[in-house]
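Listed below, chain by chain, are the residues.
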Amino acid sequence: MDNNPSLFAAAALEAPGDLAAALALPASVGHFDELHGRTLDKAPPLASQMQGQSQSQTQQMLQLAGTAVAPAAAPGPTAAPASTLAPDWSRFFNFLGGDGFDDLNHRTANLQRQIRDNGVTYNVYADANGPQRPWSLDLFPLVLSAQDWAKIATGVQQRARLLERILADVYGPQQLLALGLLPAALVQGHPGYLRAMHGVVPAGGTFLHIAAFDLARGPDGRWWVVSQRTQAPSGLGYLLENRLAISRLFPEAFRELKVQRLAASYKALVDGMKASSPAHARGEESRIVLLTPGPYNETYFEHAYLARYLGLTLVEGSDLLVRDDKLYLKTLQGLEPVHGLLKRLDDEFLDPLELRSDSTLGVPGLLQAIRAGNVLVANAPGSAFLESSALLGFLPALSRHLLDEPLALPSLATWWCGEQAALQAVLPRLKECVIKGTYPESGIESVIGQTLSRRELDEWAGRLVRRSEDYTVQAYLPLSQTPTWQGQRIAPRSTMLRVFAVADGAGSWQVLPGGLARLAGPNDKIASMQQGGSSADVWALGEAAAPAPATSGRTTGPAAACTDAVPLSPSGVELGAAPRAAMRTMHKPPVTSRAAENLFWLGRYTERTENAIRMAQLTLQSLNGEDQSSQPLLAWLSELSVKNGLVLDSVPPATQSRRVFERSLIASLDDTQDAASVGYSLRALKGAASAVRERLSQEQWHVIMRAEADFFRRCEAFSGSDHPASQALEYSSVEALAALESASGFLAAMTGAQTDRMSRDDGWRLLSAGRHIERLNTLASSLILGLETGAVFDEGGFGAILALFDSTITFHAQYQQQRDVRALLDLLVLDRDNPRSLGWVTQTLRGRLARLAENTVGAPQPVPDLTPTLPDPGSWLLSELCTPAPGARDSEPYAGLLAQLELCCSAAFELSDTLSRRYFSHVAPDEHSLGA
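Residues numbered from 1 in each chain as written. Predicted model: local features only at pLDDT ≥ 70, side-chain atom pairs only at ≥ 80, totals over all residues. Heavy atoms only, no water.

(A) Spotlight on the overall build of the chain. What the chain contains, in helices and strands, is 33 helices and 21 strands. Considering the chain as a whole, with its 932 residues, one finds that 55% of them fall into the buried category. The contacts of the chain with a sequence gap of at least 6 include a subset with a gap of at least 24, amounting to 72%. Taken as a whole, the chain presents about 38900 Å² of accessible surface, with 51% of it coming from carbon and sulfur. (Helix = DSSP H or I, 4+ residues; strand = E, 2+ residues; numbered from the N terminus. Buried < 20%, exposed > 50% of the residue type's maximum accessible area, 1.4 Å probe, protein only. Contact = heavy atoms within 4.5 Å. Areas by Shrake-Rupley, 256 points an atom, 1.4 Å probe, with all protein chains shown as cover.)

(B) Quick peek at the packing of helix H21 (residues 593-623) against helix H28 (residues 795-804). Contact pair H21 / H28: the axes reach a minimum separation of 10 Å and the direction vectors enclose 155°. In terms of axis orientation, H21 runs roughly antiparallel to H28. Note that H21 runs across H28; the crossing there is right-handed. Of H28, the residues touching H21 (which contributes Arg614, Met615 and Leu618) are Ala800, Ala803 and Leu804. Considering only residue class, the contact of H21 with H28 consists of 5 nonpolar, no polar and 1 charged. (Axes fitted to C-alpha atoms, helices over the stretch in contact; angles between N-to-C directions. Parallel < 35°, antiparallel > 145°, perpendicular 65-115°, else oblique. Left-handed = near helix turned anticlockwise from the far one by under 90°. Nonpolar A, V, L, I, M, F, W, Y, C, P; charged D, E, K, R; others polar.)

(C) Spotlight on unusual backbone geometry. Each neighbour pair has its own omega, and for Ala378 with Asn379 the value is 0°, a cis peptide bond. For Asn379, the location among the structural elements is in the loop between strand E12 (376-378) and helix H16 (395-402). One non-glycine residue, Lys258, lies in the positive phi region at around 55°. Residue class for Lys258 comes out partly exposed when judged on its relative accessible area of 21%. In this structure, Asp404 takes a positive phi of about 60° despite not being glycine.

(D) Geometry of the sheet that holds strand E6 (residues 288-291). With parallel pairing, the 4 strands of this open sheet are ordered in space as E7-E6-E11-E12. Both edges of this open sheet fall to strand E7 (313-315) and E12, since each of them pairs with a single strand only. Averaged over all pairs of adjacent strands, the angle between their axes in this sheet comes to 30°, without regard to strand direction. When E6 meets E7, the two strands line up parallel, connected through 3 bridges. Across the sheet, Leu290 pairs through a bridge with Leu314, a residue of E7. Docked against the sheet, helix H14 (residues 300-310) engages E6, E7 and strand E11 (340-343), running at close to 150° with respect to E7. (Pairing = 2+ DSSP bridges.)

(E) The arrangement of the state of the cysteines in detail. The final tally for this structure, using the stated rule, is 0 disulfides. Left unpaired, Cys417 is separated from the closest cysteine sulfur, that of Cys433, by 9.5 Å. (Disulfide = S-S within 2.5 Å.)

(F) Structural detail: helix H27 (residues 762-789). Taking 1.5 Å per residue, 28 residues should reach 40 Å; H27 reaches 40 Å between its end C-alpha atoms and fits that length. A large share of H27 lies buried, amounting to 27 of its 28 residues. The backbone nitrogen of Gly763 lies 3.2 Å from a side-chain oxygen of the residue at the head of H27, namely Asp761. In the stretch just after H27, Gly790 is the one whose phi turns positive, near 80°. (Expected span 1.5 Å × (residues − 1). Polar contact = N/O pair within 3.5 Å; in protein donor to acceptor, adjacent residues only side chain to side chain.)

(G) Just the pairing of strand E16 (residues 471-475), in detail. For E16, the tally of buried residues reaches 4 of 5 residues, placing the bulk of the element in the interior. Pairing of strand E13 (residues 414-416) with E16, which is carried by 3 bridges, proceeds in the antiparallel orientation. The residue bridging Thr414 from the neighbouring strand is Gln474, located in E16. For strand E14 (residues 433-437) and E16, the ladder comprises 5 bridges, and the chain directions are antiparallel. Note that in E16 the partner of Ile435 across the bridge is Val473.

(H) The arrangement of the nonpolar core in detail. One finds Trp636, Leu669, Phe711, Leu766, Val829 and Leu915 to be the most contacted residues of the largest nonpolar core, which totals 102 residues. A total of 13 residues in this core trace back to one element, the largest contributor, which is H21. When near neighbours in sequence (up to four residues on either side) are disregarded, Leu669 contacts Ala616, Ser677, Val678, Gly679, Phe711, Cys715, Phe718, Ala736 and Leu740. Core analysis: the second largest hydrophobic core is formed by 73 residues, Phe213, Leu291, Ala517 and Val538 among them. (Core = buried A, V, L, I, M, F, W, Y, C linked by side-chain atoms within 4.5 Å.)

(I) Examining the sheet that holds strand E15 (residues 447-448) more closely. Strand order in the open sheet formed by 4 strands is E13-E16-E14-E15, and the pairing between neighbours is antiparallel. Each edge of the open sheet is held by one strand with a lone partner, namely E13 and E15. Relative to E15, E14 runs antiparallel, the two sharing 2 bridges. In the strand pairing of E15, Val434 is matched with Ile448. Here helix H18 (residues 454-466) sits on the sheet in contact with E14, E15 and E16, set at roughly 130° to E16.

By themselves, these are just geometric observations and shouldn't be taken as functional.
This is the structure in structure tokens:
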């Protein structure tokens, strides 16, 4: 080994940059290598020598360099010899920390866990595994030097100004069309051009507030613009999450490389929208909301994340209403004006009256409100034609005409085949190009000419000739390849960079320092998240600065990692108590009717799930306990399980066939189709929570996700059991109880989060009201069944009822081992210090309703106090509950109690319907809707 020069070289490696070079696989020939800052014209000459080296020798060399490498399962491509890294990448690896490369796999595991725990998802419509897919983020960022970023920022800012001028002309004098600088077919023939918006000057005079540009670095090292997005460009939320995650994993490198921060650009976006809104012109406070298509949109996580970060109310189309050419938000206090809309859906879905009539995502009459100048929309409807690839070929001339400047960032050579000269020029070179659709409705997927056979090229040429306007041809650009960590090696992946520009005032733009890098798969040439690609954080480095003073710790918090220090007041002086109180009143976020309804049902499903878990536990324990022969107990459990959906009504009761009943209950635990047991309620709980994701903390959402996943995983383990048939039931009962016990723990965490981790606004009061309505109905109906089946008079049934009310410990502490029904009723019905008693539930519910009514006093649609719809527990007397009701026979001593219990059940149902009418659908007593 001492005579092996390669191993000597490996052992001599000391700098992390040299070790990174040794671990790095070579980039593809013809692609710019971000790690080394160069392009390979041919395979490295020494790579062939490395290929002749055995796998064990390679591992030995890396181990001598101080890196732990697990044995490979099979031989694969080997690394190129050590070579010089780009300076910025060399600095990055020098700041890996004390554990260096040995810690990268651990950091990768932490990253994946953080993404999963934070619930970061990217929904893929065609994914057979369901809509929720974890966001894919690579460990290494894409590092851009200060010089590279300065060129990118200058070019992107220029292009944003250019697109704004184009929109102003197209929807104004249309001189560009008259001069022939823009073909009419690419504008007026594009479905994204909205004739209804011609002649309209948007509120504030700005058409674009956000523009995104997809860039790629070519083999020459220059950045090229490949496409642009203007309708509702996605990525602003994901790149922020990427930054938070990666900066925590590499805090020292983030600090020492002087990575530029992001927060100022987000603040500029919101401030710019507020300054341009019609309310600002009148000297009023502007209300900006974020419009989302809903939870099934592919980027819904980003919508909720952005709304929470920017402090905007997240709304769907059904939350909004147009009246008298003004936009309003449906809230619990009535209709409140909206002055700005940050939209996250495409233009065609915005207004079913003037655009797509089948759209349920938009707001009827929105375009008229825009034309009237009463609402600002970012971006203004009608910008979709700018996204056509064909437009890129005309931008150089448009820049010279409108800005009197050449483009600072070049576009890829692009030919619109609707021009005969361009068509004839491109037909002989299809092999070297990419064929794209000109218009979105054509459904034409991008095709790389290099992947086509001679026959296929001829077929495509025929299509271009027959339908020339529908096709655009773009030069093929080998994407630059950035380093990614693949467990043992640094592997290159082709990358595309999305950069955002935001308007911070009339004609003024900021470029967000960084962006979203999309990485292609190991064998892919196209970087696409929909096709299973990944993403990476983008570090735009600032100019070198003096070293920062040493700090006591190595890690930086998320605020330090990603945000600038933005003063709370314009002067930067800390606000006093009085201004702070005024700001709290002014900025108290509204609770939309849709959010209120989902919070209400979140509360109901949380309580329903908890009750179902407790009932299932109690039933399984009783069926296998010492009271399993008690007929009143079995009858009560059977009726209770059927009434609450734990088993189907066609199943024989436990009094007839205890084992069949038990088996059916276990089989129904995770049934989400036919039964409404624990699994059904858990899934419904998650659905309601997902619709108000922006109101929940990451920890709370994580508990909900884990609860569902853990329960179904456990149920799958015992429902598809491999146990012998003679032992299947026994094992299933034990394992089912274990699954229920685990779910109960998660529900306790949810209850704690709802109680102590949410603001006590009207939305929370409705969530609490939902829980108490569900609890009132469940407990009252359970006690009715206990009386009707005689379980309350049975020793086993008596204890089971106490367990269902979660009051066993309290009862024994107060009454020891008594089995007195009057004592039971005193604790479970009258005791207003017991949170599981009907008296406490009713009293608390009345308090929630009174506060809701109080908060709507003076609102456009005040809500009357609904407490009279509930029984008053203050009027309940034990002596009256334990005597026959008027007209009842003396043989019915608890008829008065049954009457009150029936009243509680009917009041719960009536109150639920009344809340829905009053708060969610806004139906007045005359049954006329305030909605569309």
